[in-house]
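Commentary on secondary and tertiary structure
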Amino acid sequence: MATFVLVNGSGSTQDDWAALVEDLEDRGDRCLLVDISSEQDEDQADRIAWTAQRSPTAPVLVVHGNAGAHVPGALARFRFAHVVWLTGEVPAPESTTERDWLTVGQTYVGDPEDQVAEKAALAVPGMEFEDLAGGPCPQASQPDEVARILARCARKEATGVRGLAPERGLGVAPPV
């Protein structure tokens, strides 16, 4: 059983995850949803890390769209087993002072025709790629295929240790 922390960007809602969540939970996995689309005043990385604390094991972080901007901060606060960029915007490694996010296994899932996204993802050392044509919200258009990809990613990192990010601690409070 794996735990997935699913984070939607500003162009989608938690409803877009419904079919994928159903598929993953039918497989015995656990899903924790983080909606950052309407909470722009908070530190979104704290919100993601706070949600991840509810996982009994090291969770897989799945970000969609512009939620990818919060990955470096979230990984500085909490140790995730793997990161999946689901057509997510991948920040350039040199654009952040955080470096913990570059030491975690990562997979970019997206349309092979989206060369802009692929170019950004190529800048991350060790990034793996899964081609999935399905528009901007494959979690809604192809939930079965996304669930299979997430299961493969979770199996790769099954030995992950749950806990605080190295040398940083968690330091997050529940969102208000």
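What you are looking at is a predicted structure, and each value in this text was computed from that prediction instead of being measured.

Things to note about the pattern of salt bridges
- Considering all chains together, one arrives at six salt bridges under this definition.
- Residue Lys 156 is joined to Glu 128 by a salt bridge in which the shortest nitrogen-to-oxygen separation is 2.3 Å. Of the two residues, Lys 156 is situated in helix H6 (residues 143-156) and Glu 128 in strand S7 (residues 128-131); the sequence distance between them amounts to 28 residues.
- Look at Glu 128 and you get partly exposed, because its relative accessible area is 37%.
- The partner of Arg 148 in a salt bridge is Glu 145, with the nearest N and O atoms 2.9 Å apart. In this pair, Arg 148 and Glu 145 both sit in helix H6, three residues apart, roughly one turn of the helix.
- Judged by its relative accessible area of 25%, Glu 145 is partly exposed.
- Connected through salt bridges with shared partners, the residues Asp 43, Asp 46 and Arg 77 form a single ionic network.

What about helix H1 (residues 18-26)?
- Along H1, the positions that sit buried rather than exposed are Leu 20, Val 21, Asp 23 and Leu 24. In a view along the axis of H1, the buried residues occupy a sector of 165°, so they form one face of it. Of the exposed residues in H1, those oriented more than 90 degrees away from the buried face are Glu 22 and Asp 26.
- Here the buried face of H1 lies against strand S1 (3-8), strand S2 (30-35), helix H5 (138-141) and H6.
- Residue Gly 28 follows H1 closely and has a positive phi angle near 100°.

Section: the environment of Ala 133
- Assignment of secondary structure puts Ala 133 in the loop between S7 and H5.
- Residue classification places Ala 133 among the partly exposed residues on the basis of a relative accessible area of 46%.
- Distance in space between the C-alpha atoms of Ala 133 and Glu 113 is 8.0 Å, their sequence separation being 20 residues.
- Ignoring anything within four residues of it in the chain, the contact list for Ala 133 reads Asp 111, Pro 112 and Gln 142.

Quick notes on the nonpolar core
- Within the largest apolar cluster, 26 residues are counted, with the highest numbers of intra-cluster contacts made by Val 5, Val 7, Leu 61, Phe 80 and Trp 85.
- Elements with a contribution of two residues or more to this core: S1, S2, helix H2 (44-52), strand S3 (60-64), helix H3 (71-77) and strand S5 (82-86).
- Broken down by element, the residue count for this core peaks at four residues, all from H2.
- Formed by 20 residues, the second largest nonpolar core is a distinct cluster that contains Phe 4, Val 21, Ile 149 and Ala 154.

Side note on the packing of aromatic side chains
- Using the criterion set out here, one finds three aromatic pairs in the structure.
- A centroid spacing of 6.1 Å and a plane angle of 70° characterise the contact between Trp 85 and Trp 101, whose relative ring orientation is edge-to-face. In this pair, Trp 85 is assigned in strand S5 and Trp 101 in the loop between S5 and strand S6 (106-110), connecting sequence segments 16 residues apart.
- For the ring pair Tyr 108 and Phe 129, a centre distance of 6.3 Å and an interplane angle of 50° mean the geometry is tilted. With a gap of 21 residues between them, Tyr 108 in strand S6 and Phe 129 in strand S7 connect regions that are remote in the sequence.

Conventions used here
Residues numbered from 1 in each chain as written. Predicted model: local features only at pLDDT ≥ 70, side-chain atom pairs only at ≥ 80, totals over all residues. Heavy atoms only, no water. Salt bridge = Lys/Arg side-chain N within 4 Å of Asp/Glu carboxyl O. Helix = DSSP H or I, 4+ residues; strand = E, 2+ residues; numbered from the N terminus. Buried < 20%, exposed > 50% of the residue type's maximum accessible area, 1.4 Å probe, protein only. Arc of directions from axis to C-beta. Contact = heavy atoms within 4.5 Å. Core = buried A, V, L, I, M, F, W, Y, C linked by side-chain atoms within 4.5 Å. Phe/Tyr/Trp six-rings, centres within 6.5 Å; stacked < 30°, edge-to-face > 60°.

By themselves these figures say nothing about function.
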